[in-house]
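# Topology and contacts: notes
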Amino acid sequence: MKKRPLNVFVSLVSAGTMTAVSTLSAFPQIVYAEGSEFKVTDDYFKYEVNEDDTIIILGRTKGEYEEDKLVIPSKIEGKPVTIIGKDAFRGTDYSELVLPDTVVEIEESAFQNTDLISVEIPDSVKKIGYKAFTECDDITSVTLTPFIEEIKGSAFSYSDSLEYVYIPNMPALETDDDYAAWFHDSGLKKVELADGITKLPAQLFSTCDELTELIWSDDLEIIGKSTFSGCGFTEMIIPESVKEISEYAFSNCIFTELTLPEGLKIIGRSAFSECDNLISFEIPPEVEEIGSRAFGYMDSLEELYIPNIPAVQNNKFYDSLYLSGLKKIEFADDITVIPERMCSGCEQLEEIIWSDSLEEIRDYAFSDCISLKDPKLPEGLKKIYSYAFTGCTGIINVDLPLSIEDLGYRPFNDTTSLKYLYVPKQFPSTSGEYAGGSAFMNSGIKKLVFADGITEINDTFSELPELTEVVIPDSVTKLGDYAFANCANLTAARVPKSVTSFGKNSFNNCRGCFR
């Protein structure tokens, strides 16, 4: 709002009387006026007159004030007081505040770091500025109204003594501000949400580590980014109305039990990450999307059942369990595809119970699962995509199912504990979608045995630095390009007379090989 500068100095000369005594044209144009129209005191407010003939209060004049109560007048010079200006009473000692019903806006840091005990916002207020009441350690009560249209970030944050707040259904809740954080790191223990509320803004109650009780709105649909991150709940039952839980919404919480609503559609990135005490939970049947690390870094989560939800079917269960404590995972029998990076980085994973219908394992699905010793791949599996088990340094056995039709690029790369591999008769003769397959590149395989009946060996087994022995059956007639290239320690490779076709660089950089 534009302000019309004044160059008048107003001073109290007798009880109830104000007289202009000088004109200041070369100095900042600040007006001093009596503190209350209802009584005459020695207290003064600094203020300016806006273009619409309303008053913005800028603070108090210099001096000592012993009273604890701050009464903001409804009018000065007959003009309504509508705005409390930026930093107006910041750092003052007032413990009680009375705002008139003419005020429509409280600007940034207007009452920051004051000794206020309670704050009652009148119905007239539409906007509350950034940090307007932050760091008010003595506040025990905040009363909001349904008419507030905007509340900026950290408006009531760091209020250590504030234990309860009721949130009415107000337009301010519709904000898309990523840092709403109205009550961030306050002393809240209980929060009540009015019915009619459909959305909670970002970081609204973040780091309220004493918050243990929550009365939900029956109409809530969206829980915003980091809304309850770091809160003190020991149990979390999310109401059935909720459809979306945004990123980091409950990250770093301490609850041991979690109940998700049946109709939930979206679980955002890191929504429950670092919930170290959570032991188990069930994924609802209608979830369409689960973001990266949504259940990551959960140290106590050891087992999880994965239903055949839309998020699995649509490959939107991406990197969601990263660095969790998961030891066992079970897939529903009707799951046909394991999504990309689904269990990537699950370093404690030891056991996988596969779906009977499984056909594909997507890129990086189990990468860096270093405790996995034997994936026990199921019959019926047709394709293992690129890097699916890369970095699984604990794998000591891989039984390739007869149903395998295609291997992507380096699906078992860096499986350094794998020393022996048997290649079944039905193993695909081509490396699939990539040239230079190197399916087991940099693995620890020392001995490679091909089943009788295989007719062609491709580059799937190139780049095996530990390989020393290969058993090739008489059924093989062709060695493809780079079939055993860069197997630097390969010294025993009897190539049968049945092999009549050698591709380019079949034994490139191999020592002691013969054909």
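The sections below set out a description of the structure shown in this document. None of the values given here were measured: they were computed from a predicted structure. (Residues numbered from 1 in each chain as written. Predicted model: local features only at pLDDT ≥ 70, side-chain atom pairs only at ≥ 80, totals over all residues. Heavy atoms only, no water.)

## Looking at a nonpolar patch on the surface
A cluster of nonpolar side chains, namely Tyr130, Tyr158 and Tyr179, defines an oily patch on the protein surface of about 250 Å² accessible area. Looking at where Tyr130 falls in the secondary structure, it is placed in the loop between strand S13 (127-128) and strand S14 (141-143). The partly exposed category is assigned to Tyr130, whose relative accessible area is 31%. (Patch = residues over 30% accessible without salt bridge, like charges linked within 9 Å, V, L, I, M, F, W, Y side chains within 5 Å. Areas by Shrake-Rupley, 256 points an atom, 1.4 Å probe, with all protein chains shown as cover. Salt bridge = Lys/Arg side-chain N within 4 Å of Asp/Glu carboxyl O. Helix = DSSP H or I, 4+ residues; strand = E, 2+ residues; numbered from the N terminus. Buried < 20%, exposed > 50% of the residue type's maximum accessible area, 1.4 Å probe, protein only.)

## So, the pairing of strand S6 (residues 55-60)
Of all 6 residues that make up S6, 5 are buried, and the element is covered over most of its length. Of the strand pairs in this sheet, strand S5 (residues 44-50) and S6 are connected by 5 bridges, and their pairing is antiparallel. Directly across from Glu48, in S6, lies its bridge partner Ile56. Between S5 and S6, which pair antiparallel in sequence order, lie 4 residues; one of them, Asp53, sits at a positive phi of approximately 65 degrees. Relative to strand S9 (residues 79-84), S6 runs parallel, the two sharing 3 bridges. (Pairing = 2+ DSSP bridges.)

## Considerations on the sheet that holds strand S16 (residues 164-167)
Backbone-to-backbone hydrogen bonds join strands into a sheet, with any given pair of strands oriented parallel or antiparallel. Strand order in the open sheet made by the 3 strands is S16-S17-S19, with parallel pairing throughout. Each end of this open sheet is capped by a strand with a single partner; those strands are S16 and strand S19 (213-215). Pairs of neighbouring strands in the sheet enclose a mean axial angle of 10 degrees, with direction left out of account. Note: S16 against strand S17 (residues 190-193), 4 bridges, orientation parallel. If you follow Ile167 over to S17, its bridge partner there is Leu193. (Axes fitted to C-alpha atoms, helices over the stretch in contact; angles between N-to-C directions.)

## Things to note about the packing of aromatic side chains
How two aromatic rings sit relative to each other is given by the distance of their centres and the angle of their planes. A full pass over the atoms with the stated rule returns 29 aromatic pairs. Ring centres of Trp216 and Phe228 lie 5.8 Å apart, and the angle between their planes is 65 degrees; this geometry places the pair in the edge-to-face category. A residue pair is termed long-range when its members are at least 10 positions apart, and Trp216 in the loop between S19 and strand S20 (222-223) and Phe228 in the loop between S20 and strand S21 (235-237) qualify at 12 residues. Between Trp354 and Phe366, the aromatic rings sit 5.4 Å apart at their centres with planes inclined by 75 degrees, giving edge-to-face as the arrangement. Of the two residues, Trp354 is situated in the loop between strand S29 (351-353) and strand S30 (360-361) and Phe366 in the loop between S30 and strand S31 (383-384); the sequence distance between them amounts to 12 residues. (Phe/Tyr/Trp six-rings, centres within 6.5 Å; stacked < 30°, edge-to-face > 60°.)

## Digging into the environment of Thr390
On the secondary structure map, Thr390 appears in the loop between S31 and strand S32 (406-407). Classification of Thr390 by relative accessible area gives buried; the value is 8%. Along the backbone, Thr390 and Asp414 are 24 residues apart, and their C-alpha atoms lie at a distance of 5.8 Å. Setting aside residues up to four positions removed in sequence, Thr390 forms contacts with Tyr364, Ser367, Asp368, Arg410, Pro411 and Asn413. Engagement of the side chain of Thr390 in a polar contact is seen with the backbone oxygen of Asn413, the distance being 3.2 Å. (Contact = heavy atoms within 4.5 Å. Polar contact = N/O pair within 3.5 Å; in protein donor to acceptor, adjacent residues only side chain to side chain.)

## Some points on the side chain of Thr82
Relative to the elements of secondary structure, Thr82 occurs in strand S9. Dropping the residues within four chain positions of it, Thr82 is found in contact with Asn50, Thr54, Ile55, Thr102, Val103, Val104 and Glu105.

## Quick notes on the pattern of salt bridges
This structure, assessed with the given rule, holds 15 salt bridges. Where Glu77 meets Lys79, a salt bridge forms, and the shortest distance between an N and an O atom there is 3.9 Å. Take Glu77: its relative accessible area is 35%, and that puts it in the partly exposed class. A salt bridge links Asp474 to Arg494, with the nearest nitrogen and oxygen atoms 3.4 Å apart. Residue Asp474 is found in the loop between strand S36 (469-471) and strand S37 (478-479), and its partner Arg494 is found in strand S38 (residues 492-494); the two are separated by 20 residues along the sequence. Judged by relative accessible area, which is 46%, Arg494 ranks as partly exposed.

## A look at the state of the cysteines
Tallying each qualifying case throughout the model produces 0 disulfides. Its sulfur unpaired, Cys275 is 5.1 Å from the next cysteine sulfur, which belongs to Cys253. Cys487 forms no disulfide, and the closest cysteine sulfur to it belongs to Cys510, at a distance of 5.0 Å. The exposure class of Cys487 is buried, given its relative accessible area of 0%. (Disulfide = S-S within 2.5 Å.)

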